[in-house]
Amino acid sequence: MSAEAAAITFERAEGAQVREEDVVEVLRECYDPEIPVNIVDLGLVYDVEVDEGLVRINMTLTSPGCPAGPMITNDIYKVVRALDGVKDVDIDIVWEPYWTPERIDPKIRAMMGF
C-alpha cells in the first residue's frame, strides 16, 4: 500500500469524510475497455462532488451510443461505493461539453500519438 493510500485509510479510520480527491483517485481504476486509458485521464469525468457521503459524478462517454457505458458505470459504482464513508453514488451522464480526444490528458494523448 502506498503512503498516500495509507494516509487515506488512516483518515477514514479516524472518521474523516470521504473527499473528492479520494473519489477521483479510485476512478483511475475504471477503464474504457475500448481505449486502454482510465476514465479520469481519458477526460470522461467532468466533476465530482461529495456531500455527507453522497457522491455525485458528472461525466460523459466517448459517444452517445458507447456500448461500454453500462460496464463503465458499473465499475464506477463498485469502486466508489467501496470507499469508507460513501452512502450513495449518483452518476449523471452529460453530453455538454461533448467529449473529444482533446479532453485526454496531454501526456496520455502524446503517448497515443494524438
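A. Broad picture of the pairing of strand 2 (residues 35-38). In terms of strand pairing, strand 1 (residues 31-32) meets strand 2 through two bridges, oriented antiparallel. Residue Y31 lies in a different strand from strand 2, and its bridge partner there is N38. Connecting strand 1 to the antiparallel partner strand 2 that follows it, the hairpin turn spans two residues.

B. Fine view of unusual backbone geometry. P97 follows E96 through a cis peptide bond whose omega is -5 degrees. Note that P97 resides in the loop between strand 5 (88-93) and helix 4 (106-112). Of note in this structure, E52 is not a glycine but carries a positive phi near 50 degrees. Structurally, E52 is set in the loop between strand 3 (45-51) and strand 4 (54-59). Looking at E52, the relative accessible area reads 64%, which means it is exposed.

C. Up close: the environment of W99. Inspection of the secondary structure puts W99 in the loop between strand 5 and helix 4. Considering only alpha carbons, one finds W99 and L42, 57 residues apart in sequence, at a separation of 9.4 Å. For W99, the contacting residues outside a window of four places in its chain are L42, G43, L44, Y46, T60, L61, T62 and I104. Here L42 takes part through its backbone oxygen, which lies 2.9 Å from a polar atom of the side chain of W99.

D. Local environment of the pattern of salt bridges. Under the defined criterion, the tally for this structure stands at three salt bridges. As a salt-bridge pair, R81 and D88 come within 3.9 Å of each other at their nearest N and O atoms. Overall, the relative accessible area of 47% leaves R81 in the partly exposed class. A relative accessible area of 39% places D88 in the partly exposed class.

E. Here's a closer look at the confidence of the model for the protein chain. Put simply, the protein chain has an average pLDDT of 88, and 86% of its residues get 70 or more. Across residues 1-14, where pLDDT falls below 50, the model places ten contacts with residues more than four positions away in sequence or in other chains.

F. Layout of a negative patch on the surface. Residues E20, E21, D47, E49, D51 and E52 make up a contiguous surface patch of negative charge. Elements that contribute at least two residues to the negative patch include exactly helix 2 (20-27) and strand 3. A total of three residues in the negative patch trace back to one element, the largest contributor, which is strand 3. Residue classification places E49 among the partly exposed positions, given a relative accessible area of 38%.

G. Representation of the environment of I57 within the structure. Mapping I57 onto the fold places it in strand 4. Sequence-wise, I57 and V23 are 34 residues apart; in three dimensions their C-alpha atoms are separated by 9.3 Å. Among all residues touching I57, those that are not within four sequence positions of it are V23, L27, V45, D47, V48, I76, V80, V89, D90, I91 and D92.

H. Quick look at the nonpolar core. In terms of nonpolar packing, the biggest core is built from 30 residues, with V23, L27, I39, I57, M59, I76 and V80 touching the most fellow members. By residue number, the principal contributor to this core is helix 3 (residues 69-81), which donates four residues. Ignoring sequence-local partners within four residues, the contact set of M59 consists of L44, V45, Y46, I72, I76, I91, D92, I93 and V94.

About the criteria used
- Residues numbered from 1 in each chain as written.
- Predicted model: local features only at pLDDT ≥ 70, side-chain atom pairs only at ≥ 80, totals over all residues.
- Heavy atoms only, no water.
- Pairing = 2+ DSSP bridges.
- Helix = DSSP H or I, 4+ residues; strand = E, 2+ residues; numbered from the N terminus.
- Buried < 20%, exposed > 50% of the residue type's maximum accessible area, 1.4 Å probe, protein only.
- Contact = heavy atoms within 4.5 Å.
- Polar contact = N/O pair within 3.5 Å; in protein donor to acceptor, adjacent residues only side chain to side chain.
- Salt bridge = Lys/Arg side-chain N within 4 Å of Asp/Glu carboxyl O.
- pLDDT = per-residue confidence, 0-100.
- Patch = residues over 30% accessible without salt bridge, like charges linked within 9 Å, V, L, I, M, F, W, Y side chains within 5 Å.
- Areas by Shrake-Rupley, 256 points an atom, 1.4 Å probe, with all protein chains shown as cover.
- Lys, Arg positive; Asp, Glu negative; His and termini not counted.
- Charge placed at Lys NZ, Arg CZ, Asp CG, Glu CD.
- Core = buried A, V, L, I, M, F, W, Y, C linked by side-chain atoms within 4.5 Å.

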